[in-house]
Each structure stands twice: as C-alpha cells, then as structure tokens.
Amino acid sequence: MSALEETKAEIRVEAAPAKSERAGASVITRVLNLLSSVRFGVTMLMLLVALSMIGMLVMQKQVDKFDLYFAGLTPATRLLFGTLGWFDIYNVWYFNLLLLVLSLNIVLASIDRFPGAFAYVRKPKANAGRTWLKTQEVHDSFNLAADSRDGAVRRIEEAYKAVGLKHSRVTERPGGAAVVFAQRNTWNRLGAYAVHVALLTIFLGGFLTNMFEHNGQMPLAPGDSAAQISETVFNLDDRGLQLGRSSLPLPFEVTCTDIQQKLIRLDGPITADNTIDWLTHIKIKDETGEHTAVVHMNNPHDYRGYRFFQASFINVGRARQINLRASPESGAQPVEVAIPRDGSATLPDGTRIELLSFQPDFTMQGGQITTASGEYNNPAAQLLVRTPDGKQERAFAFAQELPTGAPVGRAVGGYKFRLASFEKVADAHVLSVQKDPGATVFYVGSALLCLTLSMVFFFSHQRFWTLVEPRDGAGFEVTMGASVNRNQVALEDRFKRLKSAITGEPIEVES
Amino acid sequence: MSEVMDTPARITAPKLDAGAWSLRAYLPALIPIVGAFALTLWRIWAGGENFIDDGALMMLALAGYLVGAAFLLTNLYAPSGMAQKIGLWGAGLGYFFNLSSWLIRWVAAHDRELAILQKNGYGPDQMPWVWRYIPFANLYDLSLAFAMGAGLTTMLISGRRSFRFIGALSLPIAALILILARFIGGEFINLPPVLDSYWRPIHVGTASIAYGVALVCFAAAVLYLLKVGTKPESMAIWSSIFSIAVIATIGGQIGRIVLTGNYAASTVFEGSRMSLPFRVIIPYVGPALVAAALLMAGVIFLYARYVFKGDAAARAWGHRLLVGALVAQGLAIVLMAAQIKGGEFGPCPGGSSFTNKCYESAQYEGFGAWMAGEQGMSPDQVKAIPASRLRGTTEEFLSQRGSSLRLSLNANPVEFSAVVTAFAATFFALLFSFRTDKLRAALPSADKLDGLMYRTASVAFAGLAILLITGAIWANESWGRYWGWDSKETGAFVAWLTYGGFLHSRIARGMTGKPSAYFAIVAFLLVIFTYLGVSYLLPGLHSYA
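Report on the accompanying structure. (Residues numbered from 1 in each chain as written. Chains lettered and ligands numbered in written order. Predicted model: local features only at pLDDT ≥ 70, side-chain atom pairs only at ≥ 80, totals over all residues.)

**A look at the overall build of chain B**
As a reminder, the rule being used: A run of H or I in DSSP counts as a helix once it spans at least four residues, and a run of E counts as a strand once it spans at least two, with each numbered from the N terminus. Radius of gyration: C-alpha atoms only; globule rule: 2.2 Å multiplied by the number of residues to the exponent 0.38. Field definition: a residue is buried when 20 or more other C-beta atoms are found within 10 Å of its C-beta, exposed when 12 or fewer are, and partly exposed for counts in between, with C-beta atoms placed from the backbone.
Summing up its helical and strand segments, chain B has 18 helices and 5 strands in all. The C-alpha radius of gyration computed for chain B amounts to 26 Å, which stays within 12% of the reference 24 Å derived for 545 residues, consistent with globular compactness. The burial tally for chain B puts 50% of its 545 residues in the buried class.

**With respect to the overall build of chain A**
Test applied: Contact between two residues is assigned whenever their backbone-derived C-beta positions fall within 7 Å.
The helix and strand tally for chain A stands at 12 helices and 20 strands. For 511 residues, the compact-globule formula gives about 24 Å, and the C-alpha radius of gyration of chain A, at 38 Å, lies well above that figure. Of all 511 residues assigned to chain A, the portion counted as buried reaches 32%. For chain A, restricting intrachain contacts to residue pairs at least 6 apart in sequence, the fraction spanning at least 24 positions comes to 64%.

**Focus: the packing of helix H7 (residues 232-249) of chain B against helix H14 (residues 413-432) of chain B**
Residue and element names in this part refer to chain B. The criterion, for reference: Only C-alpha atoms enter the line fits that serve as axes; for helices the fit covers just the stretch in contact. Angles between N-to-C directions range over 0 to 180 degrees. Any angle between 65 and 115 degrees counts as roughly perpendicular, while under 35 counts as roughly parallel, over 145 as roughly antiparallel, and the rest as oblique. We call a crossing left-handed when the near helix sits turned anticlockwise from the far one by less than a right angle, and right-handed when that turn is clockwise. Residue polarity follows a fixed list, in which Ala, Val, Leu, Ile, Met, Phe, Trp, Tyr, Cys and Pro are nonpolar, Asp, Glu, Lys and Arg are charged, and the others, Gly among them, are polar.
Here H7 crosses H14 at 165 degrees, and the two axes come no closer than 9 Å. Between H7 and H14, the crossing angle belongs to the class labelled roughly antiparallel. Of the two possible hands of crossing, H7 and H14 adopt the one that is left-handed. Contacts from Pro232, Met235, Ala236, Ser239, Phe242, Ser243 and Val246 of H7 reach H14 at Ala418, Val419, Ala422, Ala425, Thr426, Ala429 and Phe432. When grouped by side-chain class, the residues that make up the contact of H7 with H14 number 11 nonpolar, 3 polar and no charged.

**Concerning the interface of chain B and chain A**
Across the boundary between the two partners, chain B contributes 71 residues, which contact 77 residues of chain A. Of all the elements in the fold, those that place two or more residues in the side of chain B that touches chain A are helix H1 (15-46), helix H3 (81-119), helix H12 (379-384), helix H16 (446-478) and helix H17 (487-505) of chain B. No other element matches H16(B), which puts 12 residues into the side of chain B that touches chain A. Partitioning the side of chain B that touches chain A into residue classes produces 35 nonpolar, 23 polar and 13 charged.

**Let's talk about the sheet that holds strand E3 (residues 177-184) of chain A**
For sheets, the rule is that strands pair by backbone hydrogen bonds, running either parallel or antiparallel. Residues and elements named next belong to chain A. Spelled out, the test is: Only when DSSP finds a minimum of two bridges between them are two strands counted as paired.
The strand order E1-E20-E19-E3-E2 describes an open sheet built from 5 strands, whose pairing is antiparallel. Edge positions in the open sheet fall to strand E1 (138-144) and strand E2 (168-173), since each of these has one partner strand only. Neighbour-to-neighbour, the strand axes of the sheet open up by a mean angle of 15 degrees, direction not taken into account. Against the sheet, helix H9 (residues 149-162) engages E1, E2, E3, strand E19 (462-470) and strand E20 (476-484), with an angle of about 10 degrees to E3. This element, helix H12 (residues 488-503), spans E1, E19 and E20 of the sheet and lies at about 5 degrees to E1.

**As for helix H11 (residues 438-457) of chain A**
An α-helical turn contains 3.6 residues, so a residue and the one three or four places further along point in the same direction. The test is simple: Multiplying 1.5 Å by the helix residue count minus one yields the expected span of that helix.
Compared with an ideal rise of 1.5 Å per residue, which puts 20 residues at 28 Å, H11(A) spans 28 Å between its outermost C-alpha atoms and is within 8% of the ideal. Where H11(A) is buried, its residues contact helix H10 (191-212) of chain A together with H16 of chain B.

**Some details on the nonpolar core**
Residue and element names in this part refer to chain B. Our working rule: By convention in this section, buried Ala, Val, Leu, Ile, Met, Phe, Trp, Tyr and Cys residues joined through C-beta atoms within 7 Å make up a nonpolar core.
Core analysis: the biggest nonpolar cluster contains 237 residues, and Leu178, Ala214, Cys217, Ala220, Met453, Leu464 and Ala520 have the highest contact counts within it. Counting residues per element, this core draws most heavily on helix H6 (residues 199-227), which supplies 19 residues. Residue contacts for Ala214: discarding those within four places in its chain leaves Ala460, Ala523, Phe524 and Val527.

Quick look at the structure:
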C-alpha cells in the first residue's frame, strides 16, 4: 500500500464519483454504487427513524385503548392514516421494503469496504518516510545518542516492548536509515464488519419471528385443561377495530393444578400493585409422559420449543384455601380446619366438609349465589356438609358476623360455620404461550452485537513508526509518528510513554 | 529537540508515572463514589429515623451541580484556576449527593417494604431479595440515575485538563433533570411484579449510563458548533423556536395560552398523584408567557435578518428582545412556583380571569366526558351524552369533591420542566452571544471537541445497543416477545439509529463536520423524548418510567 492509498484509507470519507465516471457507468453499476454508498445508508437510517417515529406518534392497532384513539380521529384523518397503513406501520409493505434495502446496503457497503480494511491486517504499512510521518495525527522528532544504528534500533524496540508494543518490525531504508514499526489491535479494523454481521443476524431473527412466531393466550383456573392457545387477530375496518380469535392446537395438554398469588399486604386487594408474584402450577401431558412445572413472573417455563409466561389474571377474588371455624351447636369448643380450593376436610366427629365455591362479595340473584363484585367486600364460602350418618346439606360460612336468625347462617350438620381466614388468589391466571423460532437467532445476533461493539469502541488500532536516520555529526535523528482509527487520547498517552521510554525524559503530565 | 540523549542502561516505560497521573486525574470521580458508599453504610448502621433522606440529598445534588456549572462557566469567560477548582469540586459534591440520594433511596425502599412484610407475617426466609428495591422503579428513580450518569461522565471526562470545560454545559442539563425529578416527586411505590427481575438493574442501569453519556455528547456537540463558527444568533433562533413550541403546547390545549392569554395548571386530588384534566388558572403567568412568546417571535425575525442578510441593527434589537424574553420567562416561572403551592380557588367570575386563581366553566363539558370515559363508557356512548348532562356531572363532582382538588408542582412535571428548560435554553443562547470570540478561544480545538463528541457518541451508541438488547431479553422473559414496537423501545431504537447515523456520517460524503454534530444533537433530543415524552405522552408498556 502506497502512502497515498494509506492516506485515503485513513480518511475513509467516501469520495463522489467524477461526472464522467457516472455518465459512463451502466444502470446496474450506478444502482449498485448507490446501494453500497454510506451516504445512502445514512439516508435509509433516517427514513427508518422517521417511519418508526410515525409508529410511535400514531397509535398502533394492537395497542390497548386503540378504539378510543380511533374514535377521536376525524374521518379524513382515519382515511389518510388508514390508506398509508399508519395504524400498523411496522407491518406495512414499504416499511419491510425499507428494512430489506437497508440490509442490502449494509451487505454491499461492507463488501465494498472490506478489502481496504483487510489490507491493514494482511499488509500493514511498515515503511514510512519523514515527510509522511510528520503528517500523522501525533508525531515528534528528536536526536538520539547511540553507538550504532543497530544500537539505536534495539533501544527503540525495547521501548516499544516496554509500552506494550510487543511485535515490532524493522524496515531498512536507503542511506542507513531504518523504520521500527509496531501496531496494536489490528483486528479492530474489521470490527465494524463484525457489527454489521451481528445486525444482519438480528434482522434475520426478526424476520423468522415475523414469519413463524405463534403467541397465544391460555386462561387457566385450577382443574382446567387446555390443548390449544387462542391468538388475537386485529382487523381494522370502517367500523373501527374488530378483535377476532384464532386457535392453535398444541402438541400436548396443559392442566392447571394450582394457582397462587403472593401479596404484599395480606389484607389488601389482589391487584398488581399489591402483588409480589403470581404462580401457576401446571402439568403437561404428552406421549412422553407427564411433566410438572411452575410458571411465575419473569420466570417462564420452556417445553418442546414452547415458552409459558405469566401474562395476566382474572381480577375476581377467590380463595386458594379457607380456614373454617366450625362451632358445634352443643356448645363444645369450636374446631378449625383448612380446606383447599375445590377440596374437603373432615371434622373430628367424621363430618366431611367440601368447599363448593367462594364468593368475594356474596349476593343472591334470582336464587343463584353469585358475587356483586370482584373485591373482597363480603367474602363467603359455600360448603357441602356430609354428616357421619350419610346426610348431606349445603351451608355457608361468612367472614363477617351475621345477624341472629339469618337463614344463611343457620347450623348445618350440628355446626355453625364461620370463615376464620382465607388465602387470597385470583379467579384464574392467563398464561401466554409462545413459539418463536427466531428468538434463538436474535439472541445469537445480540450476543454478537455486544461483543463486536465492545471490540469496536473499547479498543482501537494503534500504529507507531519510528524512523532512525544517521546524522551528519554524531548520533541519530529520530522521527516518530503514530496513527489510530479512534480514541486519539489513548494514542497520545502511549506515544508520550513511548517517547519517554526512548529518550529517558519524564512524561509531560497534563493534569 | 536538539539535545542529544544519553543511552540509559535499561529501557523501562514510565508506567508508575502514568499510573499516578491516571489516579490523580480520576480522584474527583472516585472520591464521591467512595463517600456515597460510606454514607450509605452509615445510613444502614444508624437507621432512617434521624438520617438525612434521599429527597434532601437530591436537592443538595442539585445545588452542587449548579454551583459547579456556575464556576466552570465563569472559568470559560474569565479563566481562573480557583474558579475551575471550585467548579470541579462543586460538580464532585453534586455527584456525591446525587449518588448518595440514589443509594439511600435503595435502603429506604428496602426498609419500607420490610416493615410491611413483617407486619403481614412474612418470615425472614420469605423476604424478597435486595435487588427488588434498587431505585429503578419509576421516572423519579430514572431521573436520579440519569443525572448520576451525566455527573459521572462529566467527572470522568474532566480528568483531562483540556476537557474540564464540559461541565459548564453538561452540569446545568443534569440539574434540569433533577429539577424534573423534584416535580415528579419521590414517593415510594409498590413495585409492579413485572419489574421484579434481575434484568431491571442491568437494563435500567445501562439506560442511566447511556443517557448520561448522551447528555455529555450533546454538550460537546453544541460547543463544537460554537467553536466552528455557528453564530450564537442561529442558536438563539432554535432556542426561541423551542420555547415558543413549549408555550404553545402547555396549558392543556395546543395554542391555549397564546389564544386566551392565560395559563391553567392541572389539579390533583388531595393525597393523590394522579393529574386530572381539570385545570385552574394561575394569575399573571399566561400574560408573562405570551409576552415571552411575542418577544421570541421578534428574536427569530430579527436574528434571521442578521444571519441571512447581515443586518447589524437587527442583531442589536434581537439581543434586546432576547433579554426581555428571558426576563418574561423567569417571571412566569417565579409566578408559577409561588402561586401553585397553595391557596384556595373556585369558579372564575365571568367564566374566565387573568388575575384570579380560579377554574373556567368552559372546561366542564370536556371534564364530564373524561369522567364518563373513566367509568368505562365507550367513545360512542360518551358522544351520545348531551352536553348539558356532561356539564351537570362536572358541577355535581365539584360540589361533592371540589374541596379535595389541589394545585401541585407534582401535577404536571413535564409541563413545568419544559418551561424551566425553555428558560435555560434562552439563558444559554444569551450567554453564548456574550463575548463569543473569547468563549471560542477558551474552548479546546475543534478537533479535540470533535474527538470528544465521537468518543461519547460511540459509548452512547454501544450503551443504547446494550440497553435495547437487555430490554429485549427481559421482554422475552416477561412478556413473551423480545420486540413489540412498544413506544419506549421504539424510542430507544430511534435514538440508537440516530447515533448510528452520526457514526456513519463521519465517513459519508458531505456529512462530516457540522452535519455530524447535528446528528449528535438530534440523537440526544430523541433520548430525551424516549425518557420523558414516551412516558407521559404515548401509551405503552413502559408507562411506569
């Protein structure tokens, strides 16, 4: 590589092709030139920024409360935004085309520039003249006393080693001169290309996700089983947003065995702001057998390429377990038993009590037991009491004191029941089930991106040349030059240390 | 150098000297960190009852940053070793208080929930892990951390003598972030369960550092533009456009202040933080803001004449108007802060007023519709309600709960912060036009500024990439998808792309120099939009922060 080529590569600012050159080029060449230009790439990036901003500012149809937003727009705005596809801009054809063109630009620009960058690795510039060295970002010259040229070169090589430049190379020049060259982190020149590979891998992951991902919901209450998920379909027409559902069968069956909600304040509501965690205990059954798992917040469960997440919950208060106080009519000491959701317990005299249902805000409507709200305003348990002699009858246990003579508070099977306490839980948990073949590719691309960005920005390719020329009198004239592709401050530090190591002079301290 | 050197017996690199240089240079950044951790240990040992709280420490941090900025600015105009030293120590103190505030908030959040859990019968083995309480739970926490990232970056960069000027611009912006935090309010919240993940400290911690570095990059870009000859009058045009945009968009309705001449602030229920779309007129603030807007419109016109036609008289008059606009904006802020804090208010006599703290009856219909929507009515159902009934609903609401309505600086933090930021922008535009040549001479070379801009943009780019990746991994663990075009993630993506544009502009034809600096400025504005605008203006899964 000549000094001129080196300078061109160092500046790396792409030059505009000459007019005559442009006129003579074929259309394909011109298109390829455009597609591989960094300037074009920056323009594409800014276009992507603009479209993404539109997607931020115009509410997308999948976002919660889109119907409110849509209703607030004028018909003309709806028509305009709808025609342009702005309510679903990230899936509109021109957005995907833009991503494709940008990917192409990354590939072509990388191909175009890679040979130049690889030349730094393959054929480093080890020779340099005094004039060229003085054009470098950092340079200096001084006189050095030494017995011989070789002695001066050895001293410089030792100084190189002392500042971390282990492998130096000596190039002879006419007139008994020599250049000592060394460099660090040469591979850094290729870092940008590795970043581009990482980005393309991420794009590929995104493409695979977009094409093949399934993500559906699975509401589960204890005892429920499901072998399919339902995916939400968003259809936007003149009437507004229409939500549809499509089902996707799973290659296994999921049964919920228990749900649990860890609350901060046990006497508080089951809302998200009073919750530490939601746990769903599931059993997965397929041809390989039964597998148990617990899915909780930020802790998904993976099975056969499917991931199970906590997505939401049905905000109607239920009891995971009740503590029932049974007071014998005989006036004997009350007995307290714990009954799990849909479970039963047996009293010491053999009376068996089943928990039929739990209502957080007990009320009767048309003779049916139901709840007035989802909150724990008037919690009550409906029980089935089986006496040892085989009789069975329904009974109620309320948390609050009932007025004397209230029909729902009467004794059943020789006991009056009271809800001593209960463990709060939601009616059901909604799991999100995802199958995404693009996620792994995305993760690989992301890891690569982190690695390559660190390579690019936290290291730099530093090059040092020291030209030793015999002086007419005694000693040698030394011209030092150094260049770097980024982080000039670090280069200046090493340059100062190198010069100090050669000359024995102290470093000029900046602060 | 002509002196001939003697050959030393053995060559050694002066590592020790270099090491000593490094340590000494970074002491101002290291001492606050050590001090803040020591103070936190003391807080853990002493308990919270009689210890300074995180809010007070935050205010001390604000004072430290402002003092640091004032002295560093003075040092640019009248170079003095003493001013620089005081400036750096002020900045260091600010950073110390900022970090202390954040760390002590962590301890306080832990103590608070621990007490609740113990009261509810949780045993020691059921206590959540300590990372659950790391102060990255809401916008207040993020603002503390953002300012902290900016403070740390400033202190690290100030290790170089030639870059010590940077605090003159980065510290006032960090102070603005803390002012915003003050308006947001630092009440503790119960952590939403989705945030209880080890990815939160990684993801939000990366955000705070990346945002802080981006802030310093912005400061370097502005000073670079000044250095390479951008006229302060051009900057004043942009700052005036920004200020007019702020005045035109606040007050609950676009153009309201300019059209009606008065400013009305949001209200909250006593004991609540939820901002209501029911506004109360703050006397005299509207006229002051209208005056500021008119003066700045004049500034734009006159400075444009100077920039494009070289009209020196227009420049002189533009400068006078800019001074007037600064005074009017300052007056509006003082009036706002003084009157919002307390006092009674009722309906405006005659429907509206410039001089009374009162609410306009014209908003009754809109507020009634908002209440109907909050009660779960669909837009079509709300539309079907007669206007008289909507007004009646609001009147009924006011008669029953009107006495619980309060004005508060916390009711609309973005609006108040925007007004303060507009004032700061006008202040700096004015400051840069004062002895501009002297200021330019005091700044390092354009190459050095460009190098600083490039290094900080590179770190911000890498930081935002890591932010996006860690966010994607966390989203895939929590929501079952790594990318969903949520407004916050799109905002961070857009800012990242713009930094990508900045890095590539340096090797693209026709984009080097000033255009490259514009990329850095726009990228930071997008970072701010992601940090604030997305949280307050756009719906999404990140609405907590």
